[in-house]
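Single-letter residue listing:
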Amino acid sequence: MLVNEYFVDHPEMVMGLHSAKGTMYGGGQYTVQSTGELDKQLDKAIKTLPENVAATDETDLEEEDKGEVRTIEGRKPDSYVLQDGKVWQVDAQGRLLEPEFKGTTAVNTAKKLIELRDSVLDLLKQELSEESTDEQISDGRAKLNRLYDEFVSRRGAINDRKNDLIDDDPEWPLVAALEDEISKPVEIVVKGKKTTRFVSEYVKGTRSMLTMRVNFPRTEPAKASSLSDAVTISLNYRGGIDPQYISKLTDSEVEAVTEKIIAEQLAFENPATGLLEAPDMYLSGFVKKKLLEAKAAAESNPKFKRNVEALEKVQPPFLPVEKIRFKLGSNWIATDIVRAFMRDVLKIDASVNFMRAGEDTQWAVGLPEEDSVENQKRFSGGGIPGHMLIQDSLNLKLTDVGHWEDDGDSRRYIKDAKETSAARDMQERIQEEFVKWVVKTPAAAEQIERVYNDLFNGSVRREYPTPTFERFPGASDAVKLRDWQKRGAMRAVQEGTLLAHTVGTGKTFTLITAAMEMRRLKTANKPMIVVQNSTLTQFANSFRKLYPAARLLVANQKATKGDKRKAFLARIATGDWDAVVIPISFFERIENDPERESAYVQELLDNLEAMIREAESKQGENYTGKAKSPLGKQLERSKKRLEARMDRILSRMKQKTDKVINFENMGVDALLVDEAHNFKRGDFFTKMDRIKGLDTNGSDRSMDFFLKTRWIQLRSPERNVVLATGTPISNTVAELWTMLRYIRPE
């Protein structure tokens, strides 16, 4: 146990006994155990300290030499200002500090960049003001062009690396957005041969504040020419059908408007919620359940008969058993069907039990006292009787045949390839026999049809309409969104969404729009966008280009190091931001609540223990901490492996994170992730073992991400988690399951 050397040499200064029983960051932590009354011990210790001793550090001496510390109000932390002809940087307390760059050239360049930034901010305010005239805005743009042209003529493009002096200023992306990045072919000679390479070059933006008005006052329409237009405006500007807003647009009473909306079939009243829903929303999703709700409501209120009629028209067609894919192992098939199959085909009256705990399921088949030739001979394979092959099939396992051999201090399993092949061939034959038996057995076929259609054939995919406005409220005219970007953004606002769009389709602007719409429609208070480290600056510039007036907090390169990172975490937690943009490396260092981590692991372990208890109970055993049944022993081994693995993962996660502010206390209530394939290797359970390429052990990164998305989903079920990637699947379908688990855990 490590103890500070001072306290080893001065035990009288320790107010108790050294101990390793501390629990602040887990078990086995250093602490001091009390041995008496602390106030008396402190008085005694203080009297032993020397008197009238003080030291002044170098920082204090430097500040005394410089005089009073300069401060400024109304400036954002990390911003640069000009005062008394000098360049200063503002810290979190409003103090003016000398910048890191030195030299006359660098300082003069920074001064010109600050002038440019202030000119951009002035023009931005003018464009957003309802009181500004076209002449004032034109003058502001002329001034900005003059400053830009002067800078470029003497110092080159503002995004040139040599001009990266104030790029950690929170308003810098506004300045950077004045230029467009283009690729320019350049001929070079490599090993005596000419070749062409493309290099990046920055030019004056063709659709930037330098060339056109890109911002307008944020105003909502006050009038609508018709009720239909009013409903469309409400959907666009309020994210749904708001009768009060529509009544103002049409200058009508709320009740009259509501009745007219329903009468003209512009919306449906959902009897389960009492809210008005647009037809594309109400007549999609789990329409079978909605039909049952509408029929129940129509019995007491005839106005819902219209709902019933509309929902009946969109019900998916009933699927007969011949069009349903099922097998032994489909966990929605009732145990009595499996028992009846074994009774009719294998001629045995076996017991069949099914257990579920969380995501895990287990089947157990028990052989009765009276066996049969069919079970032991006709439907056996590799020496394994038919009922055991069926149990493996029910648990989605391929049967192995072999034996154990002692190998020194350990044992190893020797698989018999020939017998294993025979057993698996028989498994396939039994599966075929099961499907044939169900189809020709009316009672079983009817039950399969009914259960499958009720559970899996009651949904209709929703088609999202394209918002009718040219630009979203608050957005700039500098960027024209395509229709799929608009639909993607609106869908992301309404439900957890995976934007599986290919490269070049504009996922960046879709994510940005979704975050700003969440803020505008109040479905989120503080969206966080996670991006690749290498694209952070580009993403921030794109954000400012689309929403120049947004209150944006970006974790630039300097903010990701040491104490700056901790200060930045505090700014996230204490600020009112339209969006927070951070790189993935920063995101992974944000700690989850240790108690919630432990609770999640305990939940997994409790699920397995519940299965063990159920397995023991169904075998007539009383579980007292050690399983006796084969299935119970198998589950116990799974539980031990899971417990050890979770301990290792949590230990590694703790080493990587900052112990400052955990994710739950930052106020983040929406998570939007670019290049989300970084998190597609998640934990999952499957009984289909030994499948090549299928890795059920997720990465630390994915588990950390899952815990964060779980927190978001607890506060906003089925919403506010948006993933964007062009490659949701690169190896197995399990990766897509992991993605869907993040956005739709239920």
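Presented here is an overview of the structure given in this document. (Residues numbered from 1 in each chain as written. Predicted model: local features only at pLDDT ≥ 70, side-chain atom pairs only at ≥ 80, totals over all residues. Heavy atoms only, no water.)

### What to know about the packing of helix H13 (residues 335-346) against helix H16 (residues 417-440)
The condition that has to hold: Here, axes are lines fitted to C-alpha atoms. For helices the fit covers the stretch in contact, and angles between N-to-C directions go from 0 to 180 degrees. Strands are runs of DSSP state E lasting at least two residues, helices are runs of H or I lasting at least four, and both sets are numbered from the N terminus onward. For classification purposes, an angle smaller than 35 degrees is called roughly parallel, one larger than 145 roughly antiparallel, one from 65 to 115 roughly perpendicular, and anything else oblique. Contact between two residues is taken to exist if any of their heavy atoms lie within 4.5 Å; hydrogens are not considered.
Here H13 crosses H16 at 105°, and the two axes come no closer than 11 Å. In this view, H13 runs roughly perpendicular relative to H16, as classed from their interaxial angle. Note on element contacts: H16 touches H13 through Ile430, Glu433, Phe434 and Trp437, opposite Ile337, Ala340, Phe341, Asp344 and Val345.

### Comments concerning the side chain of Ser702
What counts here: Polar contact criterion, stated in full: a pair of N or O atoms within 3.5 Å, where within protein one must be able to donate a hydrogen and the other to accept it, and residues adjacent in sequence count only if both atoms are side-chain atoms.
With respect to the helices and strands, Ser702 occurs in helix H25 (residues 700-715). A distance of 3.1 Å separates the side chain of Ser702 from the backbone oxygen of Phe679, its partner in a polar contact.

### As for the sheet that holds strand S16 (residues 497-499)
Note the cut-off: Strand pairing is assigned whenever DSSP detects at least two bridges linking the two strands.
Taken in spatial order, the 6 strands line up as S16-S21-S20-S17-S19-S18 in an open sheet, and their pairing is parallel. Looking at which strands have only one partner, the edges of the open sheet turn out to be S16 and strand S18 (552-554). Between one strand axis and the next, the sheet turns through 15° on average, direction left out of account. Of the strand pairs in this sheet, S16 and strand S21 (residues 721-724) are connected by 3 bridges, and their pairing is parallel. Note on S21: the bridge partner recorded for Leu499 is Ala724. Contacting S16, strand S17 (527-531), strand S20 (670-674) and S21, helix H19 (residues 507-520) crosses the sheet at an angle of about 175° to S20. Sheet contacts for H25: S20 and S21; angle to S20, the most-contacted strand, approximately 140°.

### Some remarks on the pairing of S20
Counted only if it meets this: Buried, partly exposed and exposed residues are distinguished by accessible area as a fraction of the type maximum, computed with a 1.4 Å probe on protein chains only: under 20%, between the cut-offs, and over 50%, respectively.
Along S20, 5 of the 5 residues are buried, which leaves the element largely enclosed by surrounding structure. Burial along S20 is two-sided: the residues Ala670, Leu672 and Asp674 and Leu671 and Val673 are all buried. For S17 and S20, the ladder comprises 4 bridges, and the chain directions are parallel. Among the inter-strand pairings, Ile529 is bridged to a residue of S20, identified as Leu672. Bridge count between S20 and S21: 4 bridges; the pairing is parallel. In the sheet register, Leu672 faces S21, and the bridge partner there is Val722.

### Let's talk about the nonpolar core
When a protein is soluble and globular, its nonpolar side chains tend to lie buried together. Here is the rule we go by: In this text, buried Ala, Val, Leu, Ile, Met, Phe, Trp, Tyr and Cys residues form a nonpolar core when linked through side-chain atoms within 4.5 Å.
If you look at the biggest cluster of nonpolar residues, it comprises 52 residues, and the most contacted ones within it are Ile261, Phe543, Tyr547, Val581 and Leu672. Per-element accounting of this core gives the leading share, 7 residues, to H19. Of all hydrophobic cores here, the second largest spans 38 residues; its members include Met528, Ala555, Leu605 and Val673.

### Let's talk about unusual backbone geometry
Within the chain, Lys347 stands out as a residue other than glycine whose phi angle is a positive 60°. Tracing the sequence through the fold places Lys347 in the loop between H13 and strand S11 (351-357). Its relative accessible area of 48% is what places Lys347 among the partly exposed residues. Phi at Glu718 takes a positive value of approximately 65°, unusual for a residue other than glycine. Residue placement: Glu718 occurs in the loop between H25 and S21. Under the relative-accessibility criterion, Glu718 is labelled partly exposed at 27%.

### Brief notes about a negative patch on the surface
For the record, the criterion: In this analysis, a patch consists of residues with relative accessible area above 30% that form no salt bridge, clustered at 9 Å for like charges and at 5 Å for the nonpolar side chains Val, Leu, Ile, Met, Phe, Trp and Tyr. For the accessible areas, the method is Shrake-Rupley and the probe is 1.4 Å, while residue cover comes only from the protein chains on display. By definition, a salt bridge exists where a carboxyl oxygen of Asp or Glu is found within 4 Å of a side-chain nitrogen of Lys or Arg. His is not counted, nor are the chain ends, whereas Lys and Arg count as positive and Asp and Glu as negative. Lys charges are placed at NZ, Arg charges at CZ, Asp charges at CG and Glu charges at CD.
Negative charge collects at one region of the surface, where Asp251, Glu253, Glu255 and Glu259 lie side by side. Position of Glu259 among the secondary structure elements: in helix H9 (residues 254-263).

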